[in-house]
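The residues making up each chain are set out below.
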Amino acid sequence: MLINSESQQRAQLYSWGHWYTTINVLIALVISSIYVFSSTLPDTLLGVVYLVLYWLGHIGFISFVAYITLVFPVVALVKQIGIVRIWSATVATSGLSLMFVDSLVYSANGYHLDLLSTDNLQNDLGQLLSNVPNGFIVAFLVLFAAIFVIQIALSNKLWRSLEEIRRLLKMARILPAFIVFFFTSHLMHIWADAQLYRPIIKQDNLFPLSYPLTAKGFLDQSGLIDIKAYKDKKHLSFNDEAYQLQLPNYLMQCQIPKKRMNLTVIDLTSVSEQGIVDAIKQALPGIASTQFWSNSRKQGLLFEINHALPSIYQTMINEQKGALNLALSQLMQPAPLLNVDYIDASSKLDKTISSLSAQQEHMIVLLTDKNKMGRLFVYEPRVNQASAAEQLLPKQAEQSIVELSTVDLSPKHFLPPLTTSFDIAPTLINHWLNCGVNEKTFGFGSNLMSDDKPKSQWVSADSAYIYVWDQNGVSKIDRNAEISYDSFSSDSSQAHQVSELVRAVAKLKQYLVKK
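Engineer: With reference to specific residues and values, describe the overall build of the protein chain.
Structural biologist: Assigned secondary structure in the protein chain consists of 18 helices and 12 strands. Here the protein chain holds 515 residues, and 47% of them are scored as buried. Sequence separation of 24 or more characterises 69% of the internal contacts of the protein chain that already satisfy a separation of 6 or more. Put simply, the protein chain shows about 26,400 Å² of open surface, and 57% of that area lies on carbon and sulfur atoms.

Engineer: Explain helix H17 (residues 424–432) to me, using residue names and the numbers behind them.
Structural biologist: Here H17 lies mainly inside the structure; eight of its nine residues are buried. When we look at burial in H17, the residues that qualify are Ile-424, Ala-425, Pro-426, Thr-427, Leu-428, Ile-429, Asn-430 and Trp-432. At its buried positions, H17 is contacted by strand E2 (261–267), strand E3 (288–292), helix H12 (298–307), helix H14 (323–331), strand E4 (338–343) and strand E5 (361–367). Following H17 by one or two positions, Asn-434 has its phi on the positive side, about 50 degrees.

Engineer: Outline unusual backbone geometry, supporting the account with residue identities and numerical values.
Structural biologist: We note that Ala-308 has phi near 55 degrees; this positive angle belongs to a residue other than glycine. Position of Ala-308 among the secondary structure elements: in the loop between H12 and helix H13 (314–317). Positive phi, normally seen in glycine, also occurs at Asn-434, with a value near 50 degrees. Among the structural elements, Asn-434 can be located in the loop between H17 and strand E8 (458–461).

Engineer: Let's hear about the packing of aromatic side chains: which residues, and what values?
Structural biologist: Throughout the structure, instances matching the rule amount to 21 aromatic pairs. When the ring of Tyr-35 is compared with that of Phe-207, the centres are 5.8 Å apart and the planes differ by 80 degrees; the resulting orientation is edge-to-face. Separated by 172 residues along the polypeptide, Tyr-35 in helix H1 (residues 2–38) and Phe-207 in the loop between helix H8 (198–201) and helix H9 (215–221) bring together distant segments of the chain. Look at Tyr-35 and you get buried, because its relative accessible area is 0%. Classification of Phe-207 as buried rests on a relative accessible area of 0%. Each residue in the set Trp-293, Tyr-313, Phe-422, Phe-444, Trp-458, Tyr-465, Tyr-467, Trp-469, Phe-488 and Tyr-511 is aromatic and connected to the rest through ring pairs, giving one cluster. Above the ring of Tyr-465, the side-chain terminus of Lys-476 is found at 5.1 Å from the ring centroid.

Engineer: Break down the pattern of salt bridges for me, citing the residues and quoting the values.
Structural biologist: On inspection of all chains with the given rule, the structure shows one salt bridge. Its salt-bridge partner being Lys-476, residue Asp-486 comes within 3.4 Å of it at the nearest N-O pair. Highlighted residues: Asp-486 in strand E11 (residues 483–487) and Lys-476 in strand E10 (residues 473–477), separated in sequence by 10 residues. Taking the relative accessible area as the measure of exposure, Asp-486 reaches 23% and is therefore partly exposed. Lys-476 gets classed as buried once you look at its relative accessible area, which sits at 14%.

Engineer: I'd like a description of the sheet that holds strand E6 (residues 374–379), backed by residues and values.
Structural biologist: Taken together, the six strands give an open sheet; going across it, the order is E4-E2-E5-E6-E3-E7, and neighbouring strands pair in mixed fashion. Unpaired on one side and paired on the other, E4 and strand E7 (418–419) mark the two borders of the sheet. Where E5 lies against E6, five bridges are found, and the strand directions are antiparallel. Bridge pairing in E6 places His-362 opposite Tyr-379. H12 contacts E2, E4 and E5 of the sheet and is inclined by roughly 155 degrees relative to E4.

Engineer: With reference to specific residues and values, describe the pairing of E6.
Structural biologist: The element E6 is largely enclosed, with a buried count of five among its six residues. As defined by bridge partners, E3 adjoins E6 across five bridges and the pair is classed as antiparallel. Bridge assignment links Phe-292 to a residue of E6, and that residue is Gly-374.

Definitions and limits used
Residues numbered from 1 in each chain as written. Predicted model: local features only at pLDDT ≥ 70, side-chain atom pairs only at ≥ 80, totals over all residues. Heavy atoms only, no water. Helix = DSSP H or I, 4+ residues; strand = E, 2+ residues; numbered from the N terminus. Buried < 20%, exposed > 50% of the residue type's maximum accessible area, 1.4 Å probe, protein only. Contact = heavy atoms within 4.5 Å. Areas by Shrake-Rupley, 256 points an atom, 1.4 Å probe, with all protein chains shown as cover. Phe/Tyr/Trp six-rings, centres within 6.5 Å; stacked < 30°, edge-to-face > 60°. Lys NZ or Arg CZ within 6 Å of the ring centre and 35° of its normal. Salt bridge = Lys/Arg side-chain N within 4 Å of Asp/Glu carboxyl O. Pairing = 2+ DSSP bridges. Axes fitted to C-alpha atoms, helices over the stretch in contact; angles between N-to-C directions.

See below:
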């Protein structure tokens, strides 16, 4: 009798877990509707049908996967029914709460929480908290507690009325319906990807834990670039008819600098790099340098330096002043404070380097082939050697001031390991001109002299490619949505995941608003 009683109780517990998960699928569908309402509905009937099937099938699928991996093992191994129900309620509450937070992040940024990256997760939650009222954390904790209480009450009610509730759910044929929805939506997606049917493939990243985006649909799903349009035009461009540019308001109070600044860009495509580097170090003793990479050259690069924006924005800027020009115009000095030179002829290099003055400030960019690292040099003259040593030593270092010639001036002391053209304007504005602009205003670059954590990944675009790069290498996405990866070093580095590229494209269009 005891064995039969235990077997019956175990069978009832399995059945309870099954139907408890089914009820939570219905709750998850309510919460996940935030994803649906935060996105633009497809403009075709077939796209809408797919959306409904995808929504029901995918949410049901991930809910049952969570049950099988997190709840079922406890149901099978733990004999105490109370512990099983409390654990199940905890898992359900955590999953529903996480889905709620993720839906808010997706509504604001267009991508989901990255639970596998601490940096991305911290950044996403930080952005979310900066855009919500101060009491959001308290409200979320109250919501979490309320969901947990509801889950405990639901588990108890289901345990007491299992047969009655099971009968109702069986009559509704919920489980067979979810299975049909899941497989039908996947078959529709296979067809849509083969045909490049936009109303369906644009939805690839709508829900969390979706299957990976396909190469063909990657750019199109961003809403940024129309695949069919750029197949005709043969180059990438923003959809001017759907988006307009809305740049941040640069609130600044700039100060006249003590020294003039010389910004020199040297294109070394056909010149040996090492000889130029040695000549610069000889002309400006103590100059610091770090790695530099940019996809742009000439006018595109100068645009990125002035505006701190990707060069693809050029067609939408019109007559708007760049952030750097805006800062300089505030000071209204009769003589220019900033001298900018772009040198791309080897005959001018000797004259340019010989004219470098150790009494002025310098930023020098050495450009190499597009797939190779360049260098960024930063030079700040000081009154004497001791003050120079004080400036370049780490702030936390407690050591006596020594002669400048003995100080390690490697970039690790005050320059990040990798920089780009987007970093130049923020550095000049907030460090050289001391304008006091909020660092978060610069969406693509950062002040290299700031104590804030520097960016570790960048995104840009021109008429040929979208570029996503970090210290290891660059991913390039062409007009056919083909993705290639080039490593910056001889060591093999891992290519960017599609989820990283999705986040990068969302960042690329951060200043675009729908008309």
